Amino acid sequence: MSQKKAAQLRDTLNEHNHYYHVLDDPRIPDSEYDQLMRDLQALETKYPKLITPDSPTQRIGASPVSTFAKVIYNKPMLSLGNAFENQEVLDFDKRAQEHLKVDNIEYSVELKLDGLAMSLRYENGILVKAGTRGDGTSGEEVTHNAKTIKNVPLRLRGKDYPKLLEVRGEVVILTADFEKYNKKCAANGHKMLTNPRSGAAGSLRQLDSRKTAKRPLSFFTYAVGEGQDLPKTHSKILQQLHKWGLPIAPETQVLKGTQALFDYYQDILARRNTLPFDIDGVVYKINAIAQQEILGFVSRAPRWAIAYKFPAQEVSTKLLAIDVQVGRMGALTPVARLAPVTVGGVTITNATLHNQDEINRKDVRVGDTVIVRRAGDVIPEVVRMIPDKRKKRTSAFILPDKCPICGSDVMRVTGEAVTRCTGGLFCPAQRKEALKHFAARRAMDIDGLGDKLIAQLVDKSLVENIADIYQLRAEQWASLERMGKKSSEKLMKALEDSKKTTFARFLYALGIRDVGESTARILSENFSKLDTLMLATNEALQDLPDIGPVAAQSIVAFFQQSHNRDIIQTLQDEGIHWEVATPVTTKPSLAGHTFVLTGTLQEMTRDHAKAQLHALGAKVSGSVSKKTYCVVAGEKAGSKLDKAQKLGIKIIDEAALKVLLDQ
Ligand code: IVH
């Protein structure tokens, strides 16, 4: 019975993992996935014999190993020859044509991912071994780490896979994941990853897979090592691998003729920074397997494939000065001023140094020659300095102890990496940033209110807070530099237009710490009225998806400040409004869910709560079981609360219940 249940849960979880991480098309909410995972964990804890190698519970990492075992490759893991200009590709194609005695070769073309190669060995569809490339014939076994990579299938899908299938691919960190991870590290004072490639490499070669599990790695398959009865072309093989659940990188194509190969190169190069990961070129592979076999390989590189490399994303330059910028929340960010260099086709003169800890760790000083890096939409950053090129008599850089803009004291909370100006809205830098944020396209979208105008407004003391901009008169606007009568009228109209907005945009525009666009959207979806949100408790907020204790605390603290409440009032008096979403009459969210009420409720009677829950389609039961959806715990809750905790059931308090009923 339990065995069947465990198998069912494994199947369901593996299936949803595939939808989420391979197809990027989630079919159930995260909360539901987490619940299924907890159910399986509970079963496996009770009956450890039920744990299988393909159980999704095995993704969290295992105890550290002391050394890496060796993996031997029956078919060596090959590398690629490189081309840096068109002529080298033409030569490659010509050699292959001569050897194959054909005159128009079909190529499968793909991205050259900039990560670390990994082999995955599936026996009877189950992932049994993973290894790095090493010297090509033997590498390090990293099965424990590979299993923590979310889009690596622990079991292949379907039934028609070969008994033995060994595939190769690249482990990378997606640009978005890299940014998110480093932002979190910077905020918490943890060591940041240098770049996605070395981050991926370091994470895969970890002895402690629990550490690897914390790194946001992804895998993309690009070749087969061993495997029988596969399709006859490389492109079809990739399609087949995808059907078996293996992730394949986007942008693969089948092309004929060298001109098409060059067009592909140019097209991808132009879009390089919009791709989800770093690439260092494209790869051309002769598509027909029969032709590949004729050509074979020489010294570790196949004669049927070649990489056409892109210009580097990392270059060295001189660090001329370090300036300090003050952000919207007062954070002091050291910014490197650089001798201009072109990186990946774009000239850069500034790069971020993040914070004091990062400067110390990298030991970067004015006058140093440094490596700078640019990728995706990420602000360029200083990766490291080159020790050999350091001049004598340089000194370490230390952030000032007064705000360089307003002179207020700066402060660094123990345990935090960020140094902040304590001036708040007294600090012109913070005021400007708050206004820029408020007016931004994704916030109040005030057309024409750009950085330069905002700087003038603040420097001339025309505005102190975000609400003041709606109170400026036409002649005040017209008095600003580069503002005539016409442009000031245009701006007044834009201000008027911005007054009709959405609740989510308004919340985002307020600039509450830790409330980005997605949190603002969640708040707007869960609170029908601003008044209710302004009174929400920390617990009620934390009960919402994706809102943790830090954001909850920031939200509560923001609305507790009377000056913030005054600003909101002024904004509303000025006519800022949004349409309230029409309440859904039947609330499917609670339909069929079983609630249990326990302990004493302070503000409502139990009967009242029960009646309201029933009205929303929920069931109310007297006892806690696995089927319980949620337990409402009042004062002095006892054994039912304990049981709910043991079963991992969602527990909310009276305040959170009120929020839920209020929706
Ligand atoms: S094929 C049979 N395809 O580049 C040839 N390699 O510089 C084996 N790489 O070791 C490699 N993207 O780690 C191939 N689409 C791609 C690739 C790719 C990245 C890496 C791989 C290889 C290295 C060679």
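Now for a quick tour of the structure. (Residues numbered from 1 in each chain as written. Predicted model: local features only at pLDDT ≥ 70, side-chain atom pairs only at ≥ 80, totals over all residues. Heavy atoms only, no water.)

1. Some words on the overall build of the protein chain
Link 1 in the chain: Looking only at helices and strands, the protein chain has 24 helices and 26 strands in total.
Link 2 in the chain: Counting only C-alpha atoms and orienting by the principal axes, one finds that the protein chain spans roughly 80 × 70 × 50 Å.
Link 3 in the chain: Every one of the 663 residues in the protein chain was classed for burial, and the buried ones make up 47%.
Link 4 in the chain: Pairs at least 24 residues apart make up 68% of the contacts formed inside the protein chain by residues separated by at least 6 positions.
Link 5 in the chain: By element, 51% of the accessible surface of the protein chain is carried by carbon and sulfur atoms, the whole surface being about 33600 Å².
Link 6 in the chain: Looking at the protein chain, you have 93 positive and 79 negative side-chain charges, and the mean spots of the two groups are 4 Å apart. (Helix = DSSP H or I, 4+ residues; strand = E, 2+ residues; numbered from the N terminus. Buried < 20%, exposed > 50% of the residue type's maximum accessible area, 1.4 Å probe, protein only. Contact = heavy atoms within 4.5 Å. Areas by Shrake-Rupley, 256 points an atom, 1.4 Å probe, with all protein chains shown as cover. Lys, Arg positive; Asp, Glu negative; His and termini not counted. Charge placed at Lys NZ, Arg CZ, Asp CG, Glu CD.)

2. As for helix H21 (residues 562-573)
Link 1 in the chain: Taking 1.5 Å per residue as the helical rise, H21 with its 12 residues ought to reach 16 Å, and the 16 Å between its terminal C-alpha atoms agrees with that figure.
Link 2 in the chain: Among the residues making up H21, those that are buried are Asn564, Ile567, Ile568 and Leu571. Each buried residue of H21 sits inside an arc of 100° when the element is viewed along its axis, so together they form one side.
Link 3 in the chain: Check the buried side of H21 and you find it contacts helix H12 (428-439), helix H16 (503-509), helix H18 (530-535) and helix H20 (549-560).
Link 4 in the chain: Looking one or two places after H21, you find glycine 575, whose phi comes out positive at around 105°. (Expected span 1.5 Å × (residues − 1). Arc of directions from axis to C-beta.)

3. A word on the packing of aromatic side chains
Link 1 in the chain: Evaluated as defined, the whole model comprises 10 aromatic pairs.
Link 2 in the chain: Taking the centre distance of 5.0 Å and the plane angle of 70° together, the rings of tyrosine 265 and phenylalanine 310 count as edge-to-face. Of this pair, tyrosine 265 sits in helix H9 (residues 258-271) while phenylalanine 310 is found in the loop between strand E13 (305-309) and strand E14 (314-326), placing the two residues 45 residues apart along the sequence. The same class applies to tyrosine 265 as to phenylalanine 310, namely buried.
Link 3 in the chain: An aromatic cluster is present here, built from Tyr265, Tyr284, Tyr308 and Phe310 joined pairwise through their rings.
Link 4 in the chain: Above the plane of the ring of tyrosine 19 lies arginine 27, whose end atom (NZ or CZ) is 3.9 Å from the centre.
Link 5 in the chain: Arginine 168 extends its terminal NZ or CZ atom over the ring of tyrosine 73, reaching a point 5.6 Å from the ring centre. (Phe/Tyr/Trp six-rings, centres within 6.5 Å; stacked < 30°, edge-to-face > 60°. Lys NZ or Arg CZ within 6 Å of the ring centre and 35° of its normal.)

4. A look at the pairing of strand E4 (residues 116-123)
Link 1 in the chain: E4 sits mainly inside the fold: six of its eight residues count as buried.
Link 2 in the chain: Pairing analysis gives eight bridges linking E4 to strand E7 (residues 164-173), with the strands arranged antiparallel. By the bridge assignment for E7, tyrosine 122 is matched with leucine 165.
Link 3 in the chain: Sheet topology note: the E4/strand E5 (residues 126-132) ladder contains six bridges and is antiparallel. Within E5, the residue paired with serine 119 across the bridge is glycine 131.
Link 4 in the chain: As consecutive antiparallel partners, E4 and E5 are separated by two residues, and within that stretch asparagine 124 has a phi angle of approximately 50°, a positive value. (Pairing = 2+ DSSP bridges.)

5. Examining the environment of asparagine 74
Link 1 in the chain: If you trace the backbone, asparagine 74 turns up in the loop between strand E1 (70-72) and strand E2 (81-83).
Link 2 in the chain: The class of asparagine 74 is exposed, set by a relative accessible area of 59%.
Link 3 in the chain: As a C-alpha pair, asparagine 74 and lysine 256 span 182 residues in sequence and 32 Å in three-dimensional space.
Link 4 in the chain: Among the polar contacts made by the side chain of asparagine 74, one reaches the side chain of glutamate 226 at a distance of 3.1 Å. (Polar contact = N/O pair within 3.5 Å; in protein donor to acceptor, adjacent residues only side chain to side chain.)

6. Side note on the packing of H20 against H21
Link 1 in the chain: At a minimum axis separation of 5 Å, H20 and H21 run at an interaxial angle of 75°. The pairing of H20 with H21 is recorded here as roughly perpendicular in orientation. In this structure, H20 uses Phe558, Phe559 and Gln560 to contact H21, whose residues at the interface are Ser562, Asn564, Arg565 and Ile568. (Axes fitted to C-alpha atoms, helices over the stretch in contact; angles between N-to-C directions. Parallel < 35°, antiparallel > 145°, perpendicular 65-115°, else oblique.)

7. Considerations on the sheet that holds E13
Link 1 in the chain: The strand order E2-E13-E10-E3-E9 describes an open sheet built from five strands, whose pairing is mixed. Both edges of this open sheet fall to E2 and strand E9 (253-256), since each of them pairs with a single strand only. The sheet shows a mean angle of 35° between the axes of neighbouring strands, taken without regard to direction.
Link 2 in the chain: Sheet strands in contact with helix H8 (residues 234-243) are strand E3 (106-113), E9 and strand E10 (279-286), and its direction is about 50° off that of E3.
Link 3 in the chain: Contacts from H9 reach E3, E9, E10 and E13, with the element oriented near 160° to E10.

8. Details of the site of the ligand
Link 1 in the chain: Taken together, 15 residues sit near the ligand, with Glu110, Arg133, Glu170, Tyr222 and Lys285 positioned nearest.
Link 2 in the chain: Side-chain polar atom of arginine 133 to an oxygen atom of the ligand: 2.9 Å apart, as the coordinates give it.
Link 3 in the chain: Between an oxygen atom of the ligand and a side-chain N or O atom of glutamate 170, the distance comes to 2.5 Å.
Link 4 in the chain: Out of a free accessible area of 520 Å², the ligand has 90% covered by protein chains.
Link 5 in the chain: Mapped onto the shell around the ligand, the elements with two or more residues apiece are E3 and E10.
Link 6 in the chain: The biggest single contributor to the shell around the ligand is E3, with four residues. (Near = heavy atom within 4 Å.)

9. Some words on the packing of helix H1 (residues 2-22) against helix H2 (residues 30-46)
Each pair of packed helices can be summarised by the angle the axes make with each other and by the distance between the axes.
Link 1 in the chain: Packing of H1 against H2 brings their axes to within 10 Å, and their N-to-C directions diverge by 145°. With respect to the hand of their crossing, H1 and H2 are arranged in left-handed fashion. Facing Ser2, Lys5, Ala6, Leu9, Arg10, Thr12, Leu13, His16, Asn17 and Tyr20 of H1, the residues of H2 in contact are Asp30, Tyr33, Leu36, Met37, Asp39, Leu40 and Leu43.
Link 2 in the chain: Taken together, the residues that form the contact of H1 with H2 break down as nine nonpolar, four polar and four charged. (Left-handed = near helix turned anticlockwise from the far one by under 90°. Nonpolar A, V, L, I, M, F, W, Y, C, P; charged D, E, K, R; others polar.)

10. Notes on unusual backbone geometry
Link 1 in the chain: The phi dihedral of aspartate 24 falls on the positive side, at around 60°, and the residue is not glycine.
Link 2 in the chain: Following the sequence through the fold, aspartate 24 ends up in the loop between H1 and H2.
Link 3 in the chain: Taking relative accessible area as the criterion, aspartate 24 reaches 66% and is therefore assigned exposed.

11. Here we look at the environment of threonine 52
Link 1 in the chain: Relative to the helices and strands, threonine 52 is located in the loop between H2 and E1.
Link 2 in the chain: Threonine 52 gets classed as partly exposed once you look at its relative accessible area, which sits at 21%.
Link 3 in the chain: As a C-alpha pair, threonine 52 and isoleucine 322 span 270 residues in sequence and 54 Å in three-dimensional space.
Link 4 in the chain: Setting aside its immediate chain neighbours within four residues, threonine 52 contacts Arg10 and Gln58.
Link 5 in the chain: A distance of 3.3 Å separates polar atoms of two side chains, one belonging to threonine 52 and the other to arginine 10.
Link 6 in the chain: Reaching out from threonine 52, the side chain makes a polar contact with the side chain of aspartate 54 at a distance of 2.6 Å.

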